[in-house]
Amino acid sequence: MSIIKKIKDYYKSNKSLLFTTPTHSQGSFIIPDAQDILGSQYFKSDFSEIDGFDNLRAPQDTIKAVLEQISQIYHSKYSFMLTNGSTSGILAAMLSVLKNNDKVLIARNCHISVYNGLVLTGARPLWFLPDADEQWGIYKGITAKDIEKYFESENDIKAVIITSPTYEGIFSDIKNISEICKKNNAILIVDEAHGALLNFADLGSKPAILSGADISIQSLHKTAGAINPAALMHIADSSPVKPESVQNALNLINTTSPSYPLMADIEATVKYLNSSAGKEYITNLLQQIEIFKTCLSQNISCYSENNDKTKLLLRFNGCNALDIAEILNTKYNIEEEYSTQKALLFITGIGTTPEKLKKLSEALFNISDENFESHADCTNPLNLTLPVMKYTPGAAYQLDSKIIDKDSAQGCICAECIMKYPPGIPLLLPGELIQNSHLCCIEKSTVRVI
Ligand SMILES: Cc1ncc(COP(=O)(O)O)c(C=O)c1O
């Protein structure tokens with residue numbers, strides 16, 4: 001059974017007269033501007049849970065069968081299609097595992113959805129900062145040793161949340177971390193949003209649930225060719241996490257009108273990636289990326305330590321990477337994913353054709369040949385220390401707050417998430433003490449405090 005086939009069969013069948021939502025009625029009327037950008041095909045596939053189309057909130061039929069196929073492909077106990085991105089998977093994973101005041105060990109370089117999960121669950125974060133690679137301005141992978149000490153000094157840690165690979169592609173040691181978690185009865189949740197291709201080629205690490213994680217969440221829309229915000233969540237075969245409790249959590253936060261075009265796209269993407277054509281395509285992509293890396297000029301380095309092969313994190317020796325980004329944007333019309341003073345990140349994936357790589361390669365080659373003024377910047381983009389937490393994010397969210405001048409904020413308790421992007425890691429979260437060292441890093445003139 002297949003959602004794609006169900007939709008196609010519906011076109012061919014003696015269609016029912018639908019008096020249901022959505023009332024564009026499979027494109028019987030399309031708002032003209034929407035038609036211009038989306039075409040009519042999208043509307044033809046856009047249904048609600050009509051007869052025979054199953055229900056994502058309680059799959060029994062077609063969706064259930066597709067989920068079983070996905071689960072087989074990913075070797076999971078159970079897999080979920082996420083029509084609201086990895087964000088919804090991270091929230092649901094946290095809601096299913098954590099309760100108010102439960103202790104959860106989290107690396108501070110996690111995605112904003114993890115902070116939001118703390119607000120929703122009321123859980124108590126035990127923050128830690130992974131080691132930094134200051135030359136590249138990124139956090140390194142997390143090792144078993146990094147987390148072991150927390151289990152020695154704190155009892156009853158309910159869960160550990162780790163991002164692997166990170167935005168920049170850095171892998172953590174999931175295998176050994178998972179052993180410590182198992183020994184201490186803690187659930188290991190891995191945000192694998194950037195690792196949706198891991199199951200289909202050797203990108204430098206095994207998928208998290210096959211290395212011992214309990215739950216992993218992958219954005220198919222980031223590197224795997226699906227549309228925004230298609231994603232998957234998997235529960236490992238040996239995990240004690242119950243699929244029913246994750247489903248309940250998803251039902252708590254998700255729309256009651258999931259997108260059928262998106263579900264069909266998830267099904268199509270997974271089936272393609274798992275086909276021999278898909279695997280060959282990814283292998284070919286990896287070869288093209290390797291060629292790109294070997295052709296880089298001598299004064300450009302590409303990060304290659306324990307990281308995802310599809311990520312291109314580049315440094316121009318002796319230059320400020322922000323200057324390079326500016327030249328790429330203005331002169332070559334090329335936009336990077338993000339840049340700091342230290343390095344530029346280019347994300348590649350299913351749509352990264354050899355032609356695209358060639359254009360980037362030529363632009364970088366020309367820039368490295370150009371004579372322009374740029375000096376390496378010694379500023380450390382990861383200039384962070386862990387703040388003092390006065391309230392958990394969940395407790396802080398419940399309290400009244402007011403806006404005050406930044407100049408009088410020292411000693412107050414922050415009521416907002418203050419982060420500098422890139423790299424997007426919070427300087428302060430709701431409930432944390434504002435100290436003198438924070439004030440010089442806050443660029444705006446006011447701060448919301450409790
Ligand atoms: C590390 C990480 N986790 C989770 C997410 C959320 O993913 P999604 O956009 O699929 O909700 C992102 C998005 O940028 C991310 O970078």
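Residues numbered from 1 in each chain as written. Predicted model: local features only at pLDDT ≥ 70, side-chain atom pairs only at ≥ 80, totals over all residues. Heavy atoms only, no water.

Caption draft 1: Representation of unusual backbone geometry. Backbone torsion omega between Thr21 and Pro22 reads -10°, so that peptide bond is classified as cis. Structurally, Pro22 can be placed in the loop between helix H1 (3-12) and helix H2 (32-38). With omega at 0°, the peptide bond leading from Ser164 into Pro165 counts as cis. Phi is positive for Asp156, which is not a glycine, with a value near 65°. Mapped onto the elements, Asp156 comes out in the loop between helix H7 (144-153) and strand S6 (157-163). Here the phi dihedral of Asn185 falls at roughly 55°; this positive angle occurs in a residue that is not glycine. (Helix = DSSP H or I, 4+ residues; strand = E, 2+ residues; numbered from the N terminus.)

Caption draft 2: Quick look at the packing of aromatic side chains. With the rule as written, the count across this model stands at twelve aromatic pairs. Between the aromatic rings of Tyr78 and Phe80, the centroid separation amounts to 4.8 Å while the plane-to-plane angle is 55°, which identifies the pairing as tilted. By relative accessible area, Tyr78 is classed as partly exposed at 24%. Members of the aromatic cluster, connected to one another through ring pairs, are Tyr10, Phe47, Phe53 and Tyr260. Lying across the ring of Tyr11, Lys44 places its NZ or CZ 4.3 Å from the centre. One Lys or Arg, Arg108, reaches over the ring of Trp127 and ends 4.9 Å from the middle of that ring. (Phe/Tyr/Trp six-rings, centres within 6.5 Å; stacked < 30°, edge-to-face > 60°. Buried < 20%, exposed > 50% of the residue type's maximum accessible area, 1.4 Å probe, protein only. Lys NZ or Arg CZ within 6 Å of the ring centre and 35° of its normal.)

Caption draft 3: Inspection of H1 at higher detail. What H1 keeps buried is the set Ile3, Ile7 and Tyr10. Mapping the buried residues of H1 onto a view down its axis gives an arc of 60°, with all of them on the same face. Against the buried residues of H1 lie helix H4 (62-74), strand S1 (76-82) and helix H11 (260-274). Regarding H1, its N-cap is Ser2, as a side-chain oxygen of that residue lies 3.1 Å from the backbone nitrogen of Ile4 further along. (Arc of directions from axis to C-beta. Contact = heavy atoms within 4.5 Å. Polar contact = N/O pair within 3.5 Å; in protein donor to acceptor, adjacent residues only side chain to side chain.)

Caption draft 4: Structural view of the sheet that holds strand S13 (residues 344-347). Taken in spatial order, the four strands of this open sheet run S10-S11-S13-S12, and their pairing is antiparallel. On the outer flanks of this sheet lie strand S10 (300-302) and strand S12 (338-339), each paired with one strand and no other. Bridging between S10 and strand S11 (residues 311-316) involves three bridges; their strand directions are antiparallel. Residue pairing in the sheet places Ile300 in a bridge with Phe316 of S11. (Pairing = 2+ DSSP bridges.)

Caption draft 5: Structural context of the environment of Arg124. In this fold, Arg124 is placed in strand S3 (residues 124-128). With residues up to four places along the chain from it excluded, the contact list for Arg124 reads Asn101, Asp102, Lys103, Val104, Met389 and Thr392. In terms of polar contacts, Arg124 uses its side chain to reach the side chain of Asn101, at 3.4 Å.

Caption draft 6: Representation of the domain arrangement of the chain in the model. For the chain, the assigned domains read domain 1 (3-16 + 51-274), domain 2 (276-369) and domain 3 (393-449). Of note, the centres of domain 2 and domain 3, computed from C-alpha atoms alone, are 35 Å apart. (Domains from an automatic or database assignment.)

Caption draft 7: Broad picture of empty space enclosed by the protein. Per the stated rule, a full pass over the model turns up two cavities of 30 Å³ or more. Its volume calculated, the largest cavity comes out at about 100 Å³. Together, Leu56, Arg57, Leu67, Phe80, Met81, Thr83, Gln247, Leu250, Asn251, Asn254, Thr255 and Pro258 line the largest cavity. Every element with two or more residues in the lining of the largest cavity is listed here: S1 and helix H10 (243-253). Of the residues forming the lining of the largest cavity, the biggest block, three residues, is contributed by H10. In the lining of the largest cavity, the residues fall into six nonpolar, five polar and one charged. (1 Å grid on protein atoms, 1.4 Å probe; cavity = no way out; pocket = protein on both sides within 12 Å on 5 of 7 lines; lining within 4 Å. Points joined across faces, edges and corners; volume = space filled by probe spheres on them. Nonpolar A, V, L, I, M, F, W, Y, C, P; charged D, E, K, R; others polar.)

Caption draft 8: The packing of helix H5 (residues 85-97) against helix H6 (residues 112-121), seen in detail. Two numbers describe how H5 lies on H6: the axes approach to 9 Å, and their chain directions differ by 35°. Crossing geometry of H5 relative to H6 is assigned as right-handed. Of the residues in H6, those touching H5 at Thr87, Ile90, Leu91, Met94 and Leu95 are Ser113, Val114, Asn116, Gly117, Leu118, Leu120 and Thr121. Here the contact of H5 with H6 is built from residues that sort into seven nonpolar, five polar and no charged. (Axes fitted to C-alpha atoms, helices over the stretch in contact; angles between N-to-C directions. Left-handed = near helix turned anticlockwise from the far one by under 90°.)

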